[in-house]
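# Tertiary structure, described
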Amino acid sequence: MTRFLIINHIHNAQQSLESSRVRSALTMLGVTIGVASVTAILALGGGAGRVINDQINMLGGNIAVIRPGATVNPISNITQPQNTQGYATSSLSKSDLEKLKKIKHIDSVSPLMTLGGTIKADSPAPANTKILATTPELAGISNLKMREGQFLGSDINENSAVVGQQLSVNIFGTESSIGSKMSIHGQPFVVVGVLKPLNKPINYNSVDYDNAVIINYSMGEKLNKNNSQIQQIDIKADSINNLNQVVKDINKVLLKNHDGEKDFSILVGDQISQPTSQLFYSIAGVTAAIAAISLFVGGIGIMNIMLVTVAERTREIGIRKALGASNTDIMYQFLIESLAISILGGIVGYVVGYAIAFIISEFLVFSPAINWQVAVTAMGISIVMGTVFGLYPAIRAARSDPIESLNRHN
Amino acid sequence: MAITTKKTPVIKLRDLKKRFGIGDAETYALDGVDLTIKNGEFVAIMGPSGCGKTTLLNIIGLLDRSYFGQYELDEKPVDSISRRKQAFLRSKQIGYIFQNFNLVPRLNIIENVALPLTYSGVPRIKSLIIASDILKIFHLNEREYYMPHQLSGGQIQRVAIARALVNKPTIILADEPTGNLDSRSSHIIMEELAQLHKDGNTIIMVTHNANLTTYATRVITMLDGKIDTDSHDLAKPEKTKLKRPKVKKTKKKLAVKLKRKKR
């Protein structure tokens, strides 16, 4: 007894939705808002991730990054900002740095230490200016190019500083600021080099190099009252083939140095490319919450409307059963109707989500990612919503007694 | 709609009981009904309101499953047939005609007629073609794409009959098919049913109108959930009383008389 009723059910759903357009459109709106939010988050997140991914790939793919704190699960990674500048003490220390340097197959190691404090120069520096204390190896690992002058080096004065091009313009009024003086934390510094503009405010080091001052690591420690507060250690392996071995060795060495406590995480490849911008995470978190609430409310809306539809069509259910519809046929009829609402809402939401993402990206340095994962996620959410929230009304319709239904006057 | 006219029992009911309510409010809508309906019979069921006519029809039509007693459809106990199979039988073997027509208001005429085909697995386009063909028989082919509310009562009931017959069922159940119609429309509908009976279908019709029983081959009256009289049973004792040789003699005498008259 093979029955192919899907086409009939789809036709039915179409007729039903058309007969109450406003009601159907309002029900879809809940799903649309939810799916649009999810699509926008994923598209922008994917765009930001792609930017960093490209950077890693451009650098040869043999980069590993060590961050303080144990690895968190992917969901909280998305919804919680990473603690890069908080009050918590970093678990990475100078002794770790020394031990890492001895590991085989490591080409270069560079600690990153961001400091707070004011920069005084001809003009005051913008509030979000980062002071980064690091070692000369960073230029090699992160492929930093000089516009003029030189990067940090062991051969130059400790009080030397390298500035980003935009910062140079902001505080000295010129792109050629070599020899200019400034003070950081009250200590005098001399500009020895200006970086080439990168225009990559989002990167795996969480430093916008165009708006940053880079000073020597030892000087950074001094400014920080001889405390090393390492936010991140960048490692470059001598070859991509040795990266896995290097990661294993780092793990071993650090565990030993930390008395067996896994209070650090080693990231490679895609793990590094997870966007690190605090602002991005905050926005994504809020949007994710809105999306979740909207999807839930949208789902309740679908269930509500489907229950009304079932009540309105009780007599029709009775007639259909009398004419040979089985309980399963009736269940599928209403389930497909709720799926039609959620899928249509999802498609509109997907388009609206991308429209929002493109509008937002006008104010950002990257464009939204267009990939199948976003489409599949949007469609998946729609289907799951239609099924979950449409199932109860559909079962209720299927279980209704045919004789009682036929006697219902509506 | 041509079917075999072999007189085999299609419906067999034994001590059928249907109870409504519990405790003090307990009443029996059917209280021990024994009934056998053979292939090709046109049965009219009569009786006062609340005597259990419609309940009986609903049970025969496999719509009501909560009863006591035995029900055999085509010599198969209905209890042993799965729900899904029962639904399939409703679409293939049973055609239901309701008093209040019961067309789906948001579907047009042709889609209403095609509904039983849909549930018996006929593809959509094919089912619409078959529905269109049967509407032609009922002279409704020009109204195929009308909505039910655009037709008159008589036309709607003809649509309902067309829908009941579209799957070529062997059993047609009609619950007061002319209850909501004027006498002219009633006559047309009854002629249609009579024609279906001539074609060999089994028809079970519930009615309040005694005039309509003239179309039936068997009349059953019900009272308080029981079968009060059955014209089938009334005929039997007469047959047993009359001895066959006597009948034969009478027949011969009559034949001789007829021959003489012709001369």
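Cut-offs used in this document
For every chain, the first residue of its written sequence is number 1, and the numbers climb from 1 along that sequence. Naming scheme: in the order in which they are written, chains are lettered from A and ligands are numbered from 1. Only residues with pLDDT of 70 or above have their local features reported here, since the model is predicted, and side-chain atom pairs are shown and tallied only from 80 upward, although totals for entire chains, interfaces and linings are computed over all residues. Note: side-chain values were computed over all heavy atoms of the structure, leaving out hydrogens and water. For helices the rule is a DSSP run of H or I covering at least 4 residues; for strands it is a run of E covering at least 2, with both sets numbered from the N terminus onward. Only protein chains enter the area calculation, which uses a 1.4 Å probe; residues under 20% of their type maximum are buried, those over 50% are exposed, and those in between are partly exposed. Computed by Shrake-Rupley with a 1.4 Å probe, the accessible areas treat only the displayed protein chains as cover when residues are assessed. Here a helix's expected span is defined as the number of its residues, less one, multiplied by 1.5 Å. By convention in these notes, a salt bridge is any Lys or Arg side-chain nitrogen within 4 Å of a carboxyl oxygen on Asp or Glu. Two strands are counted as paired when DSSP detects at least two bridges linking them. We call two residues contacting when some pair of their heavy atoms lies within 4.5 Å. Lines are fitted to the C-alpha atoms to define the axes, a helix being fitted only along its stretch in contact, and any angle between axes, read from their N-to-C directions, falls within 0 to 180 degrees. For every residue, the predictor reports its confidence as pLDDT, a number between 0 and 100. Summed over both partners, the accessible area lost on bringing two parts together, with a 1.4 Å probe, is the buried area. Under this grouping Gly is polar, as are all residues other than the nonpolar Ala, Val, Leu, Ile, Met, Phe, Trp, Tyr, Cys and Pro and the charged Asp, Glu, Lys and Arg. Exposure above 30% relative accessible area and no salt bridge define the residues that can form patches, which grow by joining like charges within 9 Å and nonpolar side chains of Val, Leu, Ile, Met, Phe, Trp and Tyr within 5 Å. Pairing of aromatic side chains requires ring centres within 6.5 Å, counting the rings of Phe and Tyr and the six-membered ring of Trp. Pairs whose planes differ by under 30 degrees are stacked, by over 60 edge-to-face, and all others tilted.

### Some thoughts on the overall build of chain A
- Within chain A, the regular secondary structure consists of 13 helices and eleven strands.
- A total of 410 residues make up chain A; the buried ones form 50% of that total.
- Accessible surface for chain A amounts to roughly 19,000 Å². Of this, 59% is attributable to carbon and sulfur atoms.

### Observations concerning the environment of Gly-61 of chain A
Residue and element names in this part refer to chain A.
- Checked against the element boundaries, Gly-61 lands in the loop between helix H2 (21–58) and strand S1 (63–68).
- Residue class for Gly-61 comes out buried when judged on its relative accessible area of 18%.
- Linking Gly-61 and Leu-243, residues 182 residues apart in sequence, is a C-alpha distance of 9.0 Å.

### Examining helix H1 (residues 6–19) of chain A
- Taking 1.5 Å of rise per residue, the 14 residues of H1 of chain A would be expected to cover 20 Å, and the 20 Å separating its terminal C-alpha atoms lies within 8% of that figure.
- Among the residues making up H1 of chain A, those that are buried are Asn-8, His-9, Asn-12, Ala-13, Gln-15, Ser-16 and Leu-17 of chain A.

### Re the pattern of salt bridges
- Evaluated as defined, the whole model comprises 15 salt bridges over all chains.
- With a shortest N-O distance of 2.9 Å, Arg-147 of chain A and Glu-175 of chain A are connected by a salt bridge. In this pair, Arg-147 of chain A sits in strand S5 (residues 146–149) while Glu-175 of chain A sits in the loop between helix H6 (165–172) and strand S7 (181–184), placing the two residues 28 residues apart along the sequence.
- Of the residues examined, Arg-147 of chain A reaches a relative accessible area of 35% and is grouped as partly exposed.
- Look at Glu-175 of chain A and you get partly exposed, because its relative accessible area is 32%.
- A salt bridge links Glu-41 of chain B to Arg-218 of chain B; the shortest N-O distance between them is 3.2 Å. On the criterion of sequence distance, the pair formed by Glu-41 of chain B in the loop between strand S2 (27–38) and strand S3 (42–46) and Arg-218 of chain B in strand S9 (residues 218–223) is long-range, its members being 177 residues apart.
- Residue Glu-41 of chain B is classed as buried on the basis of its relative accessible area of 10%.

### What about the sheet that holds strand S5 (residues 76–77) of chain B?
All names here are of chain B.
- Taken in spatial order, the four strands make up an open sheet running S2-S1-S4-S5, and their pairing is antiparallel. Two strands in the sheet have a free side with no partner beyond their single neighbour: S2 and S5.
- For strand S1 (residues 9–20) and strand S4 (residues 68–73), the ladder comprises five bridges, and the chain directions are antiparallel. In the strand pairing of S4, Ile-11 is matched with Leu-73.
- Along the sheet, helix H1 (residues 53–60) contacts S1, S2 and S4; its crossing angle with S1, the most-contacted strand, is approximately 125 degrees.

### Re the confidence of the model for chain A
- Counting all residues, the mean pLDDT for chain A is 83, and 89% of those residues have values of 70 or more.
- Within the model, the stretch residues 73–86 of chain A combines pLDDT values under 50 with 19 contacts to residues more than four positions away or in other chains.

### Considering the sheet that holds strand S10 (residues 226–230) of chain B
Residue and element names in this part refer to chain B.
- What the six strands build is an open sheet, ordered S6-S7-S8-S3-S9-S10; its pairing is mixed. Two strands lie at the open edges of the sheet, namely strand S6 (94–97) and S10, each paired on one side alone. Strand-to-strand twist across the sheet, computed as the mean angle between neighbouring axes with direction ignored, equals 20 degrees.
- Inspection of the sheet shows strand S7 (residues 171–175) paired to strand S8 (residues 202–206) by five bridges, in the parallel sense.

### Quick notes on the interface of chain A and chain B
- Residue-level contacts link 28 residues of chain A with 24 residues of chain B.
- With both chains or domains summed, chain A and chain B bury close to 2,600 Å², and 56% of this area falls on carbon and sulfur atoms.
- Measuring nitrogen to oxygen at the nearest pair gives 2.9 Å for the salt bridge that ties Arg-106 of chain B to Glu-316 of chain A.
- Where the side of chain A that touches chain B is concerned, the elements lending two or more residues are H1, helix H10 (314–322), helix H11 (327–361) and helix H13 (402–407) of chain A.
- When its residues are assigned to classes, the side of chain A that touches chain B shows ten nonpolar, eleven polar and seven charged.

### Some remarks on a nonpolar patch on the surface
Residues and elements named next belong to chain A.
- A cluster of nonpolar side chains, namely Val-348, Val-352, Ile-356, Ile-359, Ile-360, Phe-363 and Leu-364, defines an oily patch on the protein surface of about 620 Å² accessible area.
- By the secondary structure assignment, Phe-363 is in the loop between H11 and helix H12 (372–399).
- You can call Phe-363 exposed: its relative accessible area is 71%.

### Quick notes on the packing of aromatic side chains
- This structure, assessed with the given rule, holds four aromatic pairs over all chains.
- Seen from their ring centres, Phe-296 of chain A and Phe-389 of chain A are 6.2 Å apart, and the 75 degrees between their planes marks the pair as edge-to-face. In this pair, Phe-296 of chain A is assigned in helix H9 (residues 278–312) and Phe-389 of chain A in helix H12, connecting sequence segments 93 residues apart.
- With a relative accessible area of 12%, Phe-389 of chain A lands in the buried category.
- Taking 4.7 Å as the distance between ring centres and 15 degrees as the angle between the ring planes, the aromatic pair formed by Tyr-96 of chain B and Phe-98 of chain B counts as stacked. With respect to class, Tyr-96 of chain B is no different from Phe-98 of chain B; both count as buried.
- These aromatic residues form a ring-pair network of at least three members: Tyr-350, Tyr-354 and Phe-358 of chain A.

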